[in-house]
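# Chain and residue survey
Below, each chain spelled out in residue letters.
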Amino acid sequence: MNQNAELLNFIYQNSQMGIEALQKLVSINKDSEFNKCLQSQLNEYKLINSNAVKKLNENGYDEKGIGTLTKIQSYIMLNIQTMMDKSSSHIAEMLITGSTMGTIDAIKNIKKYKDAEPSILELMNDLKKFEENNIEQLKAFL
């Protein structure tokens, strides 16, 4: 697989994980103000995800979804972490951790795939900026 496809698939998988986590958390959380924030982030992940799919398809690549084991592990961890504490503060902390990891991975991939097509690097940068912005937004709910 070439670097454009690899980078696009990273963007696709990262945004897909965000979508799946936020859909679950929106259904758990009861704080309407916090849910507005979560829903806004969910919508942005969906937009980034659809842009990644569009670019993959335009370039003749298939999306490589998140592995079943990874999905199961994430689902179990999300359930365990919210079983005892469903507070907005705890959920915000979990999401900040996830967005921090996403930011780190984005920076690494921007460096690794520095020769990728500019529009794909731009989408990767958009995802990085979005993750950084999420962290700032979520701090208000700690």
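Residues numbered from 1 in each chain as written. Predicted model: local features only at pLDDT ≥ 70, side-chain atom pairs only at ≥ 80, totals over all residues. Heavy atoms only, no water.

## Let's talk about the layout of surface pockets
- Of the volumes computed, that of the largest pocket is approximately 860 Å³.
- Every residue lining the largest pocket is counted, 30 residues in all, and those nearest its centre are Met17, Ala21, Ser74, Gly98 and Met101.
- For the lining of the largest pocket, the elements supplying multiple residues, two or more each, are helix H1 (3-28), helix H2 (32-58), helix H3 (68-83), helix H4 (88-112) and helix H5 (118-139).
- At 10 residues, H1 tops the list of elements feeding residues into the lining of the largest pocket.
- Here the residues of the lining of the largest pocket sort into 13 nonpolar, 12 polar and five charged. (1 Å grid on protein atoms, 1.4 Å probe; cavity = no way out; pocket = protein on both sides within 12 Å on 5 of 7 lines; lining within 4 Å. Points joined across faces, edges and corners; volume = space filled by probe spheres on them. Helix = DSSP H or I, 4+ residues; strand = E, 2+ residues; numbered from the N terminus. Nonpolar A, V, L, I, M, F, W, Y, C, P; charged D, E, K, R; others polar.)

## Quick notes on the packing of H1 against H4
- The geometry of H1 relative to H4 is characterised by a closest axis approach of 12 Å and an angle of 175° between their N-to-C directions. Between H1 and H4, the angle is such that the two are roughly antiparallel. Side by side, H1 and H4 meet where Leu7, Phe10, Asn14, Leu22, Leu25 and Ile28 of the first sit next to Ile91, Met94, Leu95, Gly102, Asp105, Ala106 and Asn109 of the second.
- Split into classes, the residues belonging to the contact of H1 with H4 amount to nine nonpolar, three polar and one charged. (Axes fitted to C-alpha atoms, helices over the stretch in contact; angles between N-to-C directions. Parallel < 35°, antiparallel > 145°, perpendicular 65-115°, else oblique. Contact = heavy atoms within 4.5 Å.)

## Looking at the pattern of salt bridges
- One pass over the structure, following the stated rule, counts three salt bridges.
- Note that Lys36 and Glu33 form a salt bridge whose closest N and O atoms lie 3.8 Å from each other. In this pair, Lys36 and Glu33 both sit in helix H2, three residues apart, roughly one turn of the helix.
- On the basis of relative accessibility, which here comes to 55%, the residue Lys36 falls in the exposed class.
- In this structure, Glu132 engages Lys128 in a salt bridge whose closest nitrogen and oxygen atoms are separated by 3.3 Å. Of this pair, Glu132 and Lys128 both sit in helix H5, four residues apart, which is roughly one turn of that helix.
- When its relative accessible area of 31% is taken as the criterion, Glu132 is described as partly exposed.
- Given the relative accessible area of 15%, Lys128 is considered buried. (Salt bridge = Lys/Arg side-chain N within 4 Å of Asp/Glu carboxyl O. Buried < 20%, exposed > 50% of the residue type's maximum accessible area, 1.4 Å probe, protein only.)

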